[in-house]
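# Observations on the model geometry
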Amino acid sequence: QGGGASAGEVEEDAEVVALRELSEKSPKPDPKVVAVLELPRVVVQEGVLMARTLGPAQVTAGIAFTYSLQVQNFGSAPQEVSVSLLDAPGFVLSGDRAQQVALPSRETGGASSVSWLLVAHAAGHLALPSVRVSVPRLGAQLTTQPSFVYVLPF
């Protein structure tokens, strides 16, 4: 009863050897995997409106300065735009916070601007107020990123 192998074990070893030989002969898979997916059609359009805030780089606390928003219409239809100045710490506003602007089409000029009179009441590097621009006809709304002003003490 020495170290002999039974007939079942010999067949099993032969199967393992056959599988190993087959895997060595078959081509190796490409390490890159390529998948092709059908995606929905996307149409990218130019922006219809552009809004830009303009303010000074430096002001003096207690002295009024002008902060403006320029809006331009690149579309072929006139647009009604709602503009509102948001609160910002360190500033007080003189005048109306919210305004309506009628923008003509690009063929007839397409640009308008809105201005606010602000007074800084604290010194330092301060964020100017953001402006919210809404265009109900397009169902669009955006809020400008705040720019900064250096306020000198009075």
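Look a little higher up for the structure.
A quick note: this is a predicted structure, and the numbers were derived from the prediction, not measured.

## A short note on the overall build of the chain
Broken down by element type, the chain carries one helix and eleven strands. For the chain, the N- to C-terminal ordering of α and β elements is α-β-β-β-β-β-β-β-β-β-β-β. Of the contacts formed within the chain by residues at least 6 apart in sequence, a portion of 65% connects residues at least 24 apart. Here the chain displays about 11000 Å² of accessible surface, and carbon together with sulfur accounts for 56% of that area.

## A closer look at the pattern of salt bridges
Inspection of the entire model under this criterion finds two salt bridges. Here R106 and E107 are joined by a salt bridge, their closest N and O atoms 3.5 Å apart. For R106, a relative accessible area of 48% translates into the label partly exposed.

## Re the nonpolar core
Nonpolar side chains in soluble globular proteins tend to end up buried together. If you look at the biggest cluster of nonpolar residues, it comprises 24 residues, and the most contacted ones within it are Y67, F91, W116 and V131. Among the secondary structure elements, those contributing two or more residues to this core are β3 (65-73), β4 (79-85), β6 (98-103), β7 (111-120), β9 (131-135) and β11 (148-152). Contacts of Y67, omitting those with residues within four sequence positions, involve T53, L54, G55, L85, V114, S115, W116, L118, L128, P129, V131 and S147.

Parameters at a glance
The written sequence of each chain sets the order in which its residues are numbered from 1. Residue-level local features of this predicted model are given only where pLDDT is at least 70; pairs of side-chain atoms are given and counted only at 80 or more, and the full residue set underlies all totals for whole chains, interfaces and linings. Computation of side-chain values covers all heavy atoms of the structure but excludes hydrogens and water. For the purposes of this entry, the term helix denotes a DSSP run of H or I that reaches at least four residues, the term strand denotes a run of E that reaches at least two, and both are numbered from the N terminus. When checking whether two residues touch, look at their non-hydrogen atoms; a contact exists if any pair is within 4.5 Å. Residue exposure ignores everything except the shown protein chains as possible cover, and the areas themselves are Shrake-Rupley values with a 1.4 Å probe. A pairing counts as a salt bridge when a side-chain nitrogen of Lys or Arg comes within 4 Å of a carboxyl oxygen of Asp or Glu. Here's how the labels work: a residue is buried when its accessible area is under 20% of the maximum for its type, exposed when over 50%, partly exposed in between, all with a 1.4 Å probe on protein chains only. For this analysis, a nonpolar core means a set of buried residues of the types Ala, Val, Leu, Ile, Met, Phe, Trp, Tyr and Cys, connected via side-chain atoms within 4.5 Å.

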